[in-house]
Amino acid sequence: MSFDLSRLSLLYSPRLSYSSHAAAKKGDVRCSMKSYRLSELSFSQVENLKSRPRIDFSSIFTTVNPIIDAVRSQGDVAVKEYTERFDKVQLSKVVEDVSELPIPELDPTVKEAFDVAYDNIYAFHLAQKSTEKSVENMKGVRCKRVSRSIGSVGLYVPGGTAVLPSTALMLAIPAQIAGCKTVVLATPPTKEGSICKEVLNCAKRAGVTHILKAGGAQAIAAMAWGTDSCPKVEKIFGPGNQYVTAAKMILQNSEAMVSIDMPAGPSEVLVIADEHANPVYIAADLLSQAEHGPDSQVVLVVVGNGVNLKAIEEEIAKQCKSLPRGEFASKALSHSFTVFARDMIEAITFSNLYAPEHLIINVKDAEKWEGLVENAGSVFIGQWTPESVGDYASGTNHVLPTYGYARMYSGVSLDSFLKFMTVQSLTEEGLRNLGPYVATMADIEGLDAHKRAVTLRLKDIEAKQPSQTK
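Numbers given for residues are sequential positions, taken from 1 along each chain in its written order. Reporting in this predicted model follows two pLDDT cut-offs: at least 70 for local features of residues, and 80 or more for side-chain atom pairs to be given and counted; totals over whole chains, interfaces and linings ignore these cut-offs and use all residues. The side-chain numbers reported here are obtained from all heavy atoms of the structure, hydrogens and water having been left aside.

Undergrad: In this structure, what is going on with the overall build of the protein? I would like to understand it.
TA: Here a helix means four or more residues in a row that DSSP labels H or I, a strand means two or more in a row labelled E, and each is numbered from the N terminus. Helix and strand counts for the protein stand at 16 helices and 16 strands. Taken along its principal axes, the extent of the C-alpha atoms in the protein is 95 × 65 × 45 Å. Every one of the 470 residues in the protein was classed for burial, and the buried ones make up 50%. The accessible surface values rely on the Shrake-Rupley method and a 1.4 Å probe; as for residues, cover is taken only from the protein chains in view. By element, 52% of the accessible surface of the protein is carried by carbon and sulfur atoms, the whole surface being about 22,900 Å². Each charge class in the protein was averaged separately, 49 positive and 53 negative side chains, and the resulting centres sit 3 Å apart. Each residue gets one of three labels from its accessible area relative to the maximum for its type: buried under 20%, exposed over 50%, partly exposed in between, using a 1.4 Å probe on protein chains only. We score Asp and Glu as negative and Lys and Arg as positive, and we do not count His or the chain ends. For the purpose of locating charges, the reference atoms are NZ of Lys, CZ of Arg, CG of Asp and CD of Glu.

Here it is, written out as structure tokens:
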């Protein structure tokens, strides 16, 4: 099944449909979303609608650049100073050798949950291993592609407004499967200067070699440049706030010679729902991303005319009011929105334009629409598949492209921790078969040395022919 992307632009008329829904209060907590009807928007209005809340990176770069420079020149000393300034923690030791740390004691229920998550994530990423294939393109010409692990990697596990040990699993497990030799995990320290025990548990199980007790731009810089105690890494992974993202962006274009997984921004979800979707589930799914932080964005796409929007609004208000992180969620909802689509084609067309980090399709016969999804970090099909399962334990990776980057980036996978080399091998017969074509192409491009590298060999082969035929 296919559809015409141009159809969406043909549906618009200039009038903008907007409403501000009833708010709920818990102190100054308000839960409201704007709404728009796709069939009443112009193409330019839809283009604006798909844009995320603007991040002023110019001012952020001004803050981050001095941190990066200080860590480059002062190493561990700068890391300690910035950790004390930003996290109010005095570090006696910046980096811990994971092998020297004891296995932390966890509540049995907590340990079981993380064990199940580990097993599922490991199984899904192990299945991503590809078999090496060798192709003989013509007689005597054999080519193949081989993979090798990236030698040293840095994993950033946020710990600001929420500690995220699940991210430790999402990043460390594929690194473990890939066979990365040096794995540095950076995470902000606790107020006592120690490591969150759940993060440490995940790190030990998944083969992390070093833990850098720092967060923010200073942690990214320490892994990129290396310090006396922190090994330099070749690629940095993981989500983070705007300062972490800015540091990754700056350092990947610097003399640090470091790569990053992807550009990343605030967390987001787009939920497509029809009249069969439970309003309680819809509200819970939207709030599960809104609670990440005030800069998150959630989008509800209502399909058809039978959806009880009032019930959804009431559920959002009710659940938001009762959340411990309700204030974060309400701020995220203030720049989130609902759009009304006439049918599933229009709904998925808009979703593909928006390119969400997470896409939930909560409609009747949801499976049949999967094939139309082109741009999304991770997709959740049907009413029994909340986004939370992907965040924690279904097995898929939760480190995903945000801010519309799902149009050209993929989420973290086993391949993210590998590099690939091509290998070719020619026999004498292979060079006789292929060489003349290569020489002709090199001659066309005026690269005589390229041509001679082939023709000199061909002459030697020809010189041997008379003696072999006598």
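Undergrad: What is the right way to look at the side chain of Thr 245 in this model?
TA: As for its position among the elements, Thr 245 is in helix 9 (residues 242-251). Residue classification places Thr 245 among the buried residues on the basis of a relative accessible area of 6%. A distance of 3.2 Å separates a polar side-chain atom of Thr 245 from the backbone oxygen of Ala 264. Setting aside its immediate chain neighbours within four residues, Thr 245 contacts Phe 57, Gly 240 and Ala 264. Here a polar contact means two N or O atoms within 3.5 Å. Within protein one must be a hydrogen donor candidate and the other an acceptor candidate, and residues neighboring in sequence count only if both atoms are side-chain atoms. Contacts are residue-level and defined by heavy atoms, with any inter-residue pair within 4.5 Å sufficient.

Undergrad: Which parts of the structure should I look at to understand the pattern of salt bridges?
TA: Where charged atoms of side chains with opposite charge meet at close range, the side chains can pair. Between Lys or Arg on one side and Asp or Glu on the other, a salt bridge is scored when a side-chain nitrogen of the former is within 4 Å of a carboxyl oxygen of the latter. Following the criterion strictly, the structure yields 16 salt bridges and no others. Close ionic contact of Lys 93 with Glu 96 constitutes a salt bridge, the shortest N to O distance being 3.5 Å. In this structure Lys 93 comes out as partly exposed when scored by relative accessible area, which is 37%. A relative accessible area of 14% places Glu 96 in the buried class. Its salt-bridge partner being Arg 142, residue Glu 136 comes within 3.7 Å of it at the nearest N-O pair. Residues joined in a network through salt bridges with shared partners are Lys 111, Asp 115, Asp 119 and Arg 205.

Undergrad: Please explain the sheet that holds strand 5 (residues 141-149) as it appears in this structure.
TA: Sheet strands pair by backbone hydrogen bonding; their relative direction is either parallel or antiparallel. Two strands pair if DSSP finds at least two bridges between them. Sheet architecture is open: 3 strands sit in the order 4-5-16, paired in antiparallel fashion. Each edge of the open sheet carries a strand with a single partner, namely strand 4 (134-138) and strand 16 (418-426). Here the strands of the sheet are splayed against their neighbours by 25° on average, with no regard to which way each runs. On the sheet, helix 15 (residues 428-445) packs against strand 4, strand 5 and strand 16 and is oriented at approximately 95° with respect to strand 16. Only the stretch in contact is used when a helix axis is fitted, and all axes are lines through C-alpha atoms; the angle between N-to-C directions ranges over 0 to 180 degrees.

Undergrad: What is the right way to read the pairing of strand 12 (residues 297-303) from this model?
TA: Along a regular strand, successive side chains alternate from one face of the sheet to the other. Extensive coverage of strand 12 is indicated by the burial of 7 of its 7 residues. Judged from the 6 bridges that link them, strand 11 (residues 268-273) and strand 12 form a sheet pairing that is parallel. Residue Val 271 lies in a different strand from strand 12, and its bridge partner there is Leu 300. Crossover handedness for the path strand 11 to helix 10 (residues 279-290) to strand 12: right-handed. Looking at chain direction, strand 12 and strand 13 (residues 337-341) are connected through 5 bridges and run parallel. Across the sheet, residue Val 303 finds its bridge partner in strand 13, namely Ala 341. Seen with its strands pointing away from the viewer, a crossover is right-handed when the path leading from the first strand over the helix to the second is clockwise.

Undergrad: Quick question: what am I supposed to make of helix 12 (residues 326-334) here?
TA: Helical periodicity: at 3.6 residues per turn, an α-helix aligns residues three or four positions apart in one direction. Listed in full, the buried residues belonging to helix 12 are Gly 326, Ala 329, Ser 330, Ala 332 and Leu 333. Take helix 12 and look down its axis: the buried residues cluster within an arc of 160°, on one side only. Among the structural elements, helix 10, strand 12 and helix 11 (309-322) are those in contact with the buried residues of helix 12. Starting at the helix axis, one direction is taken to each C-beta atom, and the arc is that of these directions.

Undergrad: Help me understand unusual backbone geometry, please; the structure alone is not making it clear to me.
TA: Across the chain, the bulk of peptide bonds are trans and the bulk of non-glycine residues have phi less than zero. The phi dihedral of Lys 88 falls on the positive side, at around 60°, and the residue is not glycine. Tracing the backbone shows Lys 88 in the loop between helix 4 (76-87) and strand 3 (95-97). The phi angle at Tyr 403 is positive, at roughly 65°, despite the residue not being glycine.

Undergrad: Which parts of the structure should I look at to understand the nonpolar core?
TA: The nonpolar side chains of a soluble globular protein tend to be buried with one another. Of all hydrophobic cores here, the largest spans 38 residues; its most connected members are Val 153, Leu 155, Leu 169, Leu 185, Val 208, Ile 211 and Phe 417. Secondary-structure elements contributing two or more residues to this core are helix 5 (108-126), strand 6 (152-156), helix 6 (165-178), strand 7 (182-186) and helix 7 (197-205). Residue contributions to this core peak at 9 residues, all from helix 6. Beyond its immediate stretch of four places on either side in the chain, Leu 169 contacts Phe 114, Ala 117, Tyr 118, Ile 121, Pro 174 and Cys 202. What makes a nonpolar core is a set of buried Ala, Val, Leu, Ile, Met, Phe, Trp, Tyr and Cys residues whose side-chain atoms join them at distances within 4.5 Å.

Undergrad: Quick question: what am I supposed to make of the packing of aromatic side chains here?
TA: Each aromatic ring pair is described using two quantities: the centre-to-centre distance and the angle formed by the ring planes. Each aromatic pair joins two rings of Phe, Tyr and Trp (for Trp, the six-membered one) with centres within 6.5 Å, and gets the label stacked for planes under 30 degrees apart, edge-to-face for over 60, and tilted for any other angle. Counting across every chain of the model gives 10 aromatic pairs. Joined through ring pairs, the aromatic side chains of Tyr 36, Phe 337, Phe 350 and Tyr 354 make up one cluster. Both a distance and an angle decide whether a charge sits over a ring: NZ of Lys or CZ of Arg must be within 6 Å of the ring centre and within 35 degrees of the ring normal. Looking at Arg 52, its charged tip hangs above the ring of Tyr 354, at a distance of 3.6 Å from the centre.

Undergrad: Explanation requested: the sheet that holds strand 6 in the structure shown.
TA: Reading across the sheet, the 6 strands line up as 3-8-7-6-9-10 and stay open at both edges, with mixed pairing between neighbours. Bordering the open sheet on either side are strand 3 and strand 10 (259-260), each of which pairs with just one other strand. One ladder, built from 3 bridges, connects strand 6 with strand 9 (residues 235-237); its direction is parallel. The partner of Gly 154 across the bridge, within strand 9, is Ile 236. Lying over the sheet, helix 8 (residues 216-225) contacts strand 6, strand 7, strand 8 (210-212) and strand 9, oriented at roughly 175° with respect to strand 6.

Undergrad: What am I meant to see in the environment of Thr 209 here?
TA: Here Thr 209 lies in the loop between helix 7 and strand 8. Thr 209 gets classed as partly exposed once you look at its relative accessible area, which sits at 21%. Taking the C-alpha atoms as reference points, Thr 209 and Cys 180, separated by 29 residues in sequence, lie 9.9 Å from one another. Excluding anything up to four places from it in sequence, Thr 209 contacts Glu 96, Asp 97, Val 98, Lys 181, Thr 182, Val 183 and Val 184. Engagement of the side chain of Thr 209 in a polar contact is seen with the backbone oxygen of Val 183, the distance being 2.9 Å. Of note is the side chain of Thr 209, whose polar atom sits 2.8 Å from the side chain of His 210.

Undergrad: How should I be thinking about helix 9 in this particular structure?
TA: With 7 of its 10 residues buried, helix 9 lies for the most part within the structure. For helix 9, the set of buried residues is Val 244, Thr 245, Ala 246, Ala 247, Lys 248, Ile 250 and Leu 251. For helix 9, the elements touching its buried residues are helix 3 (57-74), strand 6, helix 8, strand 9 and strand 10. In this structure Asn 241 caps helix 9, since a side-chain oxygen of it lies 3.0 Å from the backbone nitrogen of Tyr 243.

By themselves, these observations are geometric and do not establish any function.
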